[in-house]
Amino acid sequence: MAARVIDGKAVAAAVKERVKVDAAAFAEEFGRAPALATVLVGEDPASQVYIGGKRKASGEVGIRSVHHELDAATRQEDLEGLVGDLNADEEVDGILVQLPLPDHLDSDAVVATIDPAKDVDGLTPVNAGLLAHGTPGLVSCTPAGVMELLAHEGVEVEGAHAVVVGRSKLVGVPVARLLLMGNATVTMCHSRTRDLDAVCAQADILVAAVGVPRLLGKDAVKPGAVVIDVGINRTEDGLVGDVDFDAAAEVASAITPVPGGVGPMTIAMLLHNTLAAGRARMASR
Ligand code: NAD
């Protein structure tokens, strides 16, 4: 294997250490810990694991966790009512509604009710719009984590050709926007892209955010490319990414593993965003 394996756990630990120091300073200055509210609707096992991880990580860095668990049959107006209460709560700095929501609920409408100043997932139309405008507010955690990994690894973004596979609101679009802000030349691929491997093989930086196990193999990776695999796919072999790790690692210069690459960064950036949101709110009072 030629590629350097990018250790997301270690980079995430460094971010969390920084947040811990900031959270202690926040508590000292404002007489209370910064607080992150999490809302879980229903009993989806994967969501329960994700929320559990976020709450545990909050505790580790001195962020107070305010957790609400609602029945799977919760009505839209009741969920939006809870978000309204959290918006109004002066001691809540960040709000995260765990997605996906049960099918009968309109997630976009729920997300749109979150106060953009507390939108630590960066998903409200206001924060997505600010990012599109080039003046980011709170940025989605996974895309922010991808950029943090590239920065930590000393990857030169400026002038690089970055290819992003996937165009979701959650990952693909914001990560492409951040790479463009970093002065990369950005190509976006998606399910209708023709000759995907050939386009990917032009990338100096390849970001995969698709949700198809091992979609991208050796032919999709330019020799020396940096490969960031956002995908998390449950298979019979356990968790795998959107990139065939073994094949890609033979040609890439650096690559993130799954698990242990981008995943830990998402939680670390959530904690970072909670602190940033808390500080910005306290400064604007
Ligand atoms: P999504 O389903 O919303 O979007 C997938 C995108 O991939 C779409 O834009 C689609 O056009 C594109 N796509 C689908 N099939 C394709 C194909 N065959 N060729 C090219 N493009 C194709 O998914 P998402 O929310 O963006 O998540 C993507 C992956 O990242 C998933 O595996 C998800 O679990 C993972 N994820 C990981 C983290 C993390 O913390 N590491 C966070 C969010 C999402």
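Residues numbered from 1 in each chain as written. Predicted model: local features only at pLDDT ≥ 70, side-chain atom pairs only at ≥ 80, totals over all residues. Heavy atoms only, no water.

Peer 1: Explain the state of the cysteines to me, please; I cannot follow it from the model alone.
Peer 2: Note: disulfide means a covalent bond formed between the sulfur atoms of two cysteine side chains. Taken as a whole and assessed by the stated rule, the structure comprises zero disulfides. Free of any disulfide, C189 has its nearest cysteine sulfur in C200, 4.8 Å distant. What makes C189 buried here is its relative accessible area of 1%. (Disulfide = S-S within 2.5 Å. Buried < 20%, exposed > 50% of the residue type's maximum accessible area, 1.4 Å probe, protein only.)

Peer 1: Honestly, the nonpolar core in this entry has me stumped. Any pointers?
Peer 2: In summary, soluble globular proteins display a tendency toward joint burial of nonpolar side chains. Membership of the largest hydrophobic core comes to 51 residues, with the highest contact counts inside it found for V146, L150, L179, I205, V207 and I228. Examining the composition of this core, we find that nine residues originate from one element, helix α10 (residues 262-283), more than from any other. Those residues in contact with V207, other than ones at most four positions away along the chain, are V146, V163, V164, V165, V175, L179, I228 and V230. Counting residues in hydrophobic clusters, the runner-up holds 21 residues, among them A203, A225, A248 and A249. (Core = buried A, V, L, I, M, F, W, Y, C linked by side-chain atoms within 4.5 Å. Helix = DSSP H or I, 4+ residues; strand = E, 2+ residues; numbered from the N terminus. Contact = heavy atoms within 4.5 Å.)

Peer 1: Can you walk me through the pattern of salt bridges in this structure?
Peer 2: Oppositely charged side chains may form a pair once their charged atoms are brought near each other. Across all of its chains, the model carries 15 salt bridges by this definition. Close ionic contact of K56 with E60 constitutes a salt bridge, the shortest N to O distance being 3.2 Å. Of this pair, K56 and E60 both sit in helix α2 (residues 45-61), separated by four residues, roughly a single helical turn. Note on E60: relative accessible area 39%, which makes it partly exposed. One salt-bridge network, in which partners are shared between bridges, spans R32, E90, D93, R281 and R285. (Salt bridge = Lys/Arg side-chain N within 4 Å of Asp/Glu carboxyl O.)

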